[in-house]
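Now for the letters of each chain:
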Amino acid sequence: MLVIGFPTGALQANCFVLAAGAGEPCVIVDPGQDAVEPIEQALREHRLAPVAVLLTHGHFDHTFSVTPVCDGNDVPAYIHPDDVEMLSDPLKGISAESAAFFGGNLEMREPSEVRSLTDGLELDLAGLRITVDHTPGHTGGSVMFRSGTQEGGRLVISGDTLFAGSIGRTDLPGGDHPSMLSSLQNKVMTLPDDTVVLPGHGPTTTIGRERATNPYLLQLRDAVQPDDAQAAPHRGL
């Protein structure tokens, strides 16, 4: 699998281009601010033809360039329905302070074709088999994308659900901390240790490394013991 990644915009959100190999179809994940030019450069350099854009969630630092990328290549955007409103109203997903920074105005519009993501959905795109995991917490419509085989080469694009050494914040509109803890417990910590994690911000990591060192996963693991699992499964973080 060919994986090309680069940070975009002021908030350095990671954008990824995935393909079976050079000269093949590809999918683009999270085209954020100022992503159009580096995406076009990657497509030219590796002779790739996009077939879809996948969005891990609706925050503008991950979606700002989705319309020019989709409409410019005549491809659909995939997003969970709980976050689709942010494609045309990005201020729905940010704090009042952040909105004031942009003068209370941040203009975006939906791409011409938007398709819905659901938990467990299997996508066959660009010769890749991609599984969708709904992981609410950072936003109501946050998802992760898994690909690879049981024999190896497994990866997950985690968006802002999981970072190297941290997790996504839950204090923005649409965020929910108990939902985040449930997503981490049921969708992240169940993945094999050798799964490579491509996060929404920051460096690449692995599930095994995060299971062993990420303080949020360690606290979650230690907080839920057989005797008290029913009492306080969502406390202590």
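In this text, all values refer to a predicted model and were calculated from it rather than measured experimentally. (Residues numbered from 1 in each chain as written. Predicted model: local features only at pLDDT ≥ 70, side-chain atom pairs only at ≥ 80, totals over all residues. Heavy atoms only, no water.)

Trainee: Help me understand the overall build of the protein in this model?
Mentor: Counting secondary structure elements, the protein contains seven helices and 14 strands. The burial tally for the protein puts 49% of its 237 residues in the buried class. The long-range fraction of contacts in the protein, counting pairs at least 24 apart against all pairs at least 6 apart in sequence, stands at 60%. Total accessible area computed for the protein in this model is approximately 10,600 Å², and 49% of it derives from carbon and sulfur atoms. (Helix = DSSP H or I, 4+ residues; strand = E, 2+ residues; numbered from the N terminus. Buried < 20%, exposed > 50% of the residue type's maximum accessible area, 1.4 Å probe, protein only. Contact = heavy atoms within 4.5 Å. Areas by Shrake-Rupley, 256 points an atom, 1.4 Å probe, with all protein chains shown as cover.)

Trainee: So what exactly am I meant to see when it comes to the side chain of Gln 33 here?
Mentor: Mapped onto the fold, Gln 33 is located in the loop between strand 3 (25-29) and helix 1 (36-46). Taking the relative accessible area as the measure of exposure, Gln 33 reaches 15% and is therefore buried.

Trainee: In this structure, what is going on with the environment of Ser 65? I would like to understand it.
Mentor: Its place among the elements puts Ser 65 in the loop between helix 2 (60-63) and helix 3 (66-73). Taking relative accessible area as the criterion, Ser 65 reaches 4% and is therefore assigned buried. Not counting the four nearest positions on each side in its chain, Ser 65 is found in contact with Pro 31, Gly 32, Gln 33, Asp 34, Ala 35 and Val 36.

Trainee: Would you mind showing me how to read the environment of Arg 146 here?
Mentor: Counting through the fold element by element, Arg 146 comes out in strand 9 (residues 143-149). Judged by its relative accessible area of 28%, Arg 146 is partly exposed. Other than its neighbours up to four places away in sequence, Arg 146 contacts Arg 129, Ile 130, Thr 131, Asp 133, Leu 155, Val 156 and Leu 191. Looking at Arg 146, its side chain comes within polar contact range of the side chain of Asp 133, at 2.5 Å. (Polar contact = N/O pair within 3.5 Å; in protein donor to acceptor, adjacent residues only side chain to side chain.)

Trainee: Explain the pairing of strand 4 (residues 49-54) here, please?
Mentor: Looking along a regular strand, one sees the side chains alternate between the two faces of the sheet. Here strand 3 pairs with strand 4 via five bridges, running parallel. Note on strand 4: the bridge partner recorded for Cys 26 is Pro 50. Crossover connection from strand 3 via helix 1 to parallel strand 4: handedness right-handed. Where strand 4 lies against strand 5 (residues 77-79), two bridges are found, and the strand directions are parallel. Within strand 5, the residue paired with Leu 54 across the bridge is Tyr 78. (Pairing = 2+ DSSP bridges. Right-handed = clockwise from strand over helix to strand, strands pointing away.)

Trainee: Is there a simple way to think about the nonpolar core in this case?
Mentor: For soluble globular proteins, the rule of thumb is that nonpolar side chains tend to be buried together. Counting residues in hydrophobic clusters, the biggest one holds 22 residues, and the most contacted among them are Ile 4, Val 17, Ile 28, Ile 39, Leu 48, Val 53 and Val 66. Every element with two or more residues in this core is listed here: strand 1 (2-8), strand 2 (13-19), strand 3, helix 1, helix 3 and strand 5. Once residues lying within four places of it in the same chain are set aside, the contact partners of Val 53 are Ile 28, Pro 31, Val 66, Val 69, Cys 70, Val 75, Pro 76, Ala 77 and Tyr 78. Core analysis: the next-biggest nonpolar cluster, separate from the first, contains 19 residues, Phe 16, Ala 126, Leu 128 and Ile 157 among them. (Core = buried A, V, L, I, M, F, W, Y, C linked by side-chain atoms within 4.5 Å.)

Trainee: Got a minute to help me understand the side chain of Ser 142 in this structure?
Mentor: Structurally, Ser 142 can be placed in the loop between strand 8 (128-134) and strand 9. Among the residues examined, Ser 142 registers a relative accessible area of 2% and is labelled buried. Side-chain polar atoms of Ser 142 contact the side chain of Thr 139, separated by 2.7 Å. Those residues in contact with Ser 142, other than ones at most four positions away along the chain, are Thr 56, His 57, Asp 83, Asp 133, His 134, Thr 135, Pro 136 and Thr 161.

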